[in-house]
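Per-entry structural report
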Amino acid sequence: GGPKYDKFSAKSTKAMAGGSANSGANQTIISKTDLEKASLQAREQARQMYLEGVSKDLHPGERILEENIDIVSLKDASLPLSGTTASSFEYKNTFKIRSFVFSEETLKERILSAGEEEMSGILFRPISVVLSYGEAIPDFDARTVRLKTHAIVTSESVIDREKFLTDILGKDETGIDTALR
């Protein structure tokens with residue numbers, strides 16, 4: 001307003017209410033944050049349901065790459081507009097979920113089947129493998145994944161027992177020490 005309205009002022013002694021007969025204490029305004037939160041919660045719930053379902057179907061030794069799950073909304077959820085007044089709203093959506101499952105046992109078997117290896121004239125055979133995983137780069141469309149895998153391999157030396165017993169037969173401590181080297 002102009003100078004005509006400068007001298008007017010008002011003070012409310014009661015809390016103000018919205019502009020409709022239906023507005024009241026249980027009515028709130030739906031914000032964009034509320035809609036985003038509902039979408040994130042729905043995605044997380046879909047992810048958890050997917051993991052529970054897939055985990056039941058995994059064979060022994062199989063593992064799912066949980067860090068790289070692809071969740072795509074198949075249709076737009078029908079939601080109220082941001083700024084709408086309502087006591088609540090319902091979020092429904094359908095998702096397409098994809099992930100990679102691989103056999104940890106197969107990886108271990110491949111490493112163990114690499115065979116015996118000679119180091120410093122001693123033959124070693126791998127007996128166990130512990131795997132840990134680094135970065136995974138999935139390509140869901142090509143159905144491939146690049147997965148950095150770190151393997152700790154425990155090996156034992158291969159000793160010809162009969163030859164060893166023949167070598168130490170009748171030897172003293174120094175002779176046995178020499179045979180062990």
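Below or above, wherever it landed, is the structure these notes cover. Keep in mind it's a predicted model, so treat the numbers as computed, not measured.

With that out of the way, let us pick up the side chain of S99. Relative to the helices and strands, S99 is located in the loop between β5 (95-98) and β6 (101-103). A distance of 2.6 Å separates a polar atom in the side chain of S99 from a polar atom in the side chain of Y50. Among all residues touching S99, those that are not within four sequence positions of it are Y50, I64, N68, I69 and F140.

All right, on to the pattern of salt bridges then. Per the counting criterion, the structure on display carries six salt bridges. The partner of D167 in a salt bridge is K163, and the shortest N-O contact between them spans 3.2 Å. Taken together, the positions of D167 and K163, both in helix α3 (residues 161-168) and four residues apart, correspond to about one turn of that helix. By sharing partners, the salt bridges in this structure join D70, R98 and D141 into a single network.

Cut-offs applied
- Residues numbered from 1 in each chain as written.
- Predicted model: local features only at pLDDT ≥ 70, side-chain atom pairs only at ≥ 80, totals over all residues.
- Heavy atoms only, no water.
- Helix = DSSP H or I, 4+ residues; strand = E, 2+ residues; numbered from the N terminus.
- Polar contact = N/O pair within 3.5 Å; in protein donor to acceptor, adjacent residues only side chain to side chain.
- Contact = heavy atoms within 4.5 Å.
- Salt bridge = Lys/Arg side-chain N within 4 Å of Asp/Glu carboxyl O.

Spatial relationships are all this shows, so hold off on functional conclusions.
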